[in-house]
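Examination of the molecular architecture
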Amino acid sequence: MAYTIEYYSEAVQVQVLALPQTLLARYFYLTDRMAAAGPHLGEPHSKAMGEGLLELRLKGAEGIARVMYCTLVGQRIVVLHSFIKKSDKTPVTDLALARKRLKEIKNANT
């Protein structure tokens with residue numbers, strides 16, 4: 001069964017599509033795999049962040065990026081936020097924004 005990839009908003013889609021070339025290529029490769037096999041690719045490709053939030057871990061010549069997403073009923077994957085990593089830890093503001101959007105999506109779909 002195929003999964004669908006959706007975006008929290010058009011702005012999030014634009015943000016993801018603006019990733020540097022090698023990171024964007026990795027994003028497309030991994031989302032194609034998720035659409036076919038499901039959202040849980042396992043490390044090093046994806047990681048659970050708790051409370052239903054997952055991150056897609058992208059690595060390329062231009063650096064490292066993360067794409068935060070969640071799953072919804074009906075085999076839907078919703079991309080919530082993306083950012084380029086500049087430190088070892090996920091920035092608190094990026095994590096908080098993804099969790100806020102996750103909560104909005106879950107509340108809207110209950």
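Structural data are supplied above this passage.
Reading guide: rules and limits
- Residues numbered from 1 in each chain as written.
- Predicted model: local features only at pLDDT ≥ 70, side-chain atom pairs only at ≥ 80, totals over all residues.
- Heavy atoms only, no water.
- Helix = DSSP H or I, 4+ residues; strand = E, 2+ residues; numbered from the N terminus.
- Rg over C-alpha atoms; globule rule 2.2 N^0.38 Å.
- Buried < 20%, exposed > 50% of the residue type's maximum accessible area, 1.4 Å probe, protein only.
- Pairing = 2+ DSSP bridges.
- Axes fitted to C-alpha atoms, helices over the stretch in contact; angles between N-to-C directions.
- Contact = heavy atoms within 4.5 Å.

Turning our eyes to something else, we now look at the overall build of the protein chain. In terms of regular secondary structure, the protein chain is built from 3 helices and 5 strands. The order of α-helices and β-strands along the protein chain, N terminus first, is β-α-α-β-β-β-β-α. Here the protein chain has a C-alpha radius of gyration of 13 Å; the compact-globule value for 110 residues is 13 Å, and the two agree. By its C-alpha atoms, the protein chain is 40 × 30 × 25 Å across when sized along the principal axes. The proportion of buried residues among the 110 residues of the protein chain is 37%.

Right, let's get into the sheet that holds strand β4 (residues 63–72). Taken in spatial order, the 5 strands line up as β1-β5-β4-β3-β2 in an open sheet, and their pairing is mixed. Across the chains shown, the open sheet's two edge strands, defined by having one partner strand only, are β1 (4–7) and β2 (46–50). Strand-to-strand twist across the sheet, computed as the mean angle between neighbouring axes with direction ignored, equals 35°. Looking at chain direction, β1 and strand β5 (residues 76–85) are connected through 4 bridges and run parallel. Among the inter-strand pairings, threonine 4 is bridged to a residue of β5, identified as arginine 76. Contacts from helix α2 (residues 21–37) reach β1, β3 (53–60), β4 and β5 within the one sheet, and its direction differs from that of β3 by about 135°. Lying over the sheet, helix α3 (residues 92–108) contacts β2, β3, β4 and β5, oriented at roughly 165° with respect to β5.

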